[in-house]
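Overview (structure and organization)
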Amino acid sequence: MSEESRDASDGPAPAEGRPDRPPIAGLMDTLSVKRNVVIGAVVGVALAVAVYVVRALELLGPVGGTREYPVLGADGFFLLLAFVLASATTLFVASALTVVAAVRALRTPEE
């Protein structure tokens, strides 16, 4: 695209058509996103470790029925499941805490 065709375009430049927006860092600070992610990660890892220990050490007794885990074995398979559980729990807890912070921020009157 040449300079002449850019100058002759009918639409406004992207920067001119966009309203002023507050920086995203301020929003993330207001909603305490970093704190929420840390809390979510702690909860997710703690839950995954607890579930993995219960399963790997068979604290609730042996699993009924046998199953083959050809590539990773049973421990590797349940380790992957623990990772997925930790990731999903982290996302859920962090999202829930951020939504609660957003609702609180919206209900707080501005001074």
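**Quick notes on the packing of aromatic side chains**
Scanning the model with the defined rule gives 1 aromatic pair in all. On the basis of an interplanar angle of 75° and a centroid distance of 5.4 Å, the ring pair of Phe77 and Phe78 is categorised as edge-to-face.

**Notes on the side chain of Thr90**
By the element assignment, Thr90 lies in helix α5 (residues 73-107). A relative accessible area of 17% places Thr90 in the buried class. With sequence-adjacent residues up to four places away left out, Thr90 is seen in contact with Val37, Gly40, Ala41 and Gly44.

**Describing the environment of Arg35**
With respect to the helices and strands, the residue Arg35 is situated in helix α4 (residues 33-56). A C-alpha to C-alpha distance of 9.4 Å links Arg35 and Thr98, two positions 63 residues apart in sequence.

**Concerning the environment of Leu27**
Structurally, Leu27 can be placed in helix α3 (residues 24-31). Classification of Leu27 by relative accessible area gives partly exposed; the value is 46%. Each C-alpha atom of the pair Leu27 and Ala102 lies 9.5 Å from the other, and the pair is 75 residues apart in sequence.

**Description of the packing of α4 against α5**
Contact geometry of α4 with α5 gives a least axis separation of 7 Å together with a crossing angle of 150°. If you check the angle between α4 and α5, you find them roughly antiparallel. By crossing handedness, the relation of α4 to α5 is classed as right-handed. Here the contact of α4 with α5 is composed, by residue class, of 18 nonpolar, 6 polar and 2 charged.

**Points about unusual backbone geometry**
The backbone phi angle of Ser32 is positive, close to 55°, even though this residue is not glycine. Among the structural elements, Ser32 can be located in the loop between α3 and α4. According to the relative accessible area criterion, Ser32 is partly exposed, its value standing at 26%.

**A closer look at a nonpolar patch on the surface**
Where nonpolar side chains cluster on the molecular surface, the patch consists of Val45, Val49, Val53, Val54, Leu57, Leu59 and Leu60 and spans about 650 Å² of accessible area. Examined against the element boundaries, Val45 turns out to sit in helix α4.

**A word on α4**
It helps to recall that an α-helix has 3.6 residues per turn; residues three or four apart then point in one direction. Here α4 is 24 residues long and its end C-alpha atoms lie 33 Å apart, about the 34 Å a rise of 1.5 Å per residue gives. Residues Val33, Asn36, Gly40, Gly44 and Ala48 constitute the buried set of α4. Considering only its buried residues, α4 is in contact with α3 and α5. With its phi angle positive at about 50°, Glu58 sits one or two positions after the end of α4.

Rules and cut-offs
Sequence order as written defines the numbering, with residues in each chain counted from 1. At least 70 in pLDDT is required for a residue's local features to be given in this predicted model, at least 80 for side-chain atom pairs to be given and counted, and no such filter applies to totals for whole chains, interfaces and linings, which use all residues. Values shown for side chains rest on all heavy atoms present in the structure; no hydrogens or waters enter the calculation. Any pair of Phe, Tyr and Trp rings, taking the six-membered ring for Trp, is counted once the centres come within 6.5 Å. Such a pair is stacked with planes under 30 degrees apart, edge-to-face with planes over 60 apart, and tilted for the rest. Going along the chain from the N terminus, every DSSP run of H or I of four or more residues is numbered as a helix, and every run of E of two or more is numbered as a strand. Only protein chains enter the area calculation, which uses a 1.4 Å probe; residues under 20% of their type maximum are buried, those over 50% are exposed, and those in between are partly exposed. Residue contacts follow a heavy-atom distance rule, with two residues in contact if any of their heavy atoms lie within 4.5 Å. Here an axis means a line fitted to C-alpha atoms, over the contact stretch when the element is a helix, while the angle between two N-to-C directions is reported on a 0 to 180 degree scale. For classification purposes, angles smaller than 35 degrees are called roughly parallel, those larger than 145 roughly antiparallel, those between 65 and 115 roughly perpendicular, and all remaining angles oblique. By convention, the crossing between two helices is left-handed when the near helix turns anticlockwise from the far helix through less than a right angle, and right-handed when the turn is clockwise. Gly is placed with the polar residues, together with every amino acid not listed as nonpolar (Ala, Val, Leu, Ile, Met, Phe, Trp, Tyr, Cys and Pro) or charged (Asp, Glu, Lys and Arg). Only residues whose relative accessible area exceeds 30% and that take part in no salt bridge are eligible for patches, with like-charged residues grouped when within 9 Å of each other and nonpolar side chains (Val, Leu, Ile, Met, Phe, Trp, Tyr) grouped when within 5 Å. To measure how exposed things are, a 1.4 Å probe is used in the Shrake-Rupley method; for residues, cover is taken only from the protein chains shown. Think of a salt bridge as a Lys or Arg side-chain nitrogen and an Asp or Glu carboxyl oxygen that are within 4 Å of each other. Given the number of residues in a helix, its expected span is that number minus one, multiplied by 1.5 Å.

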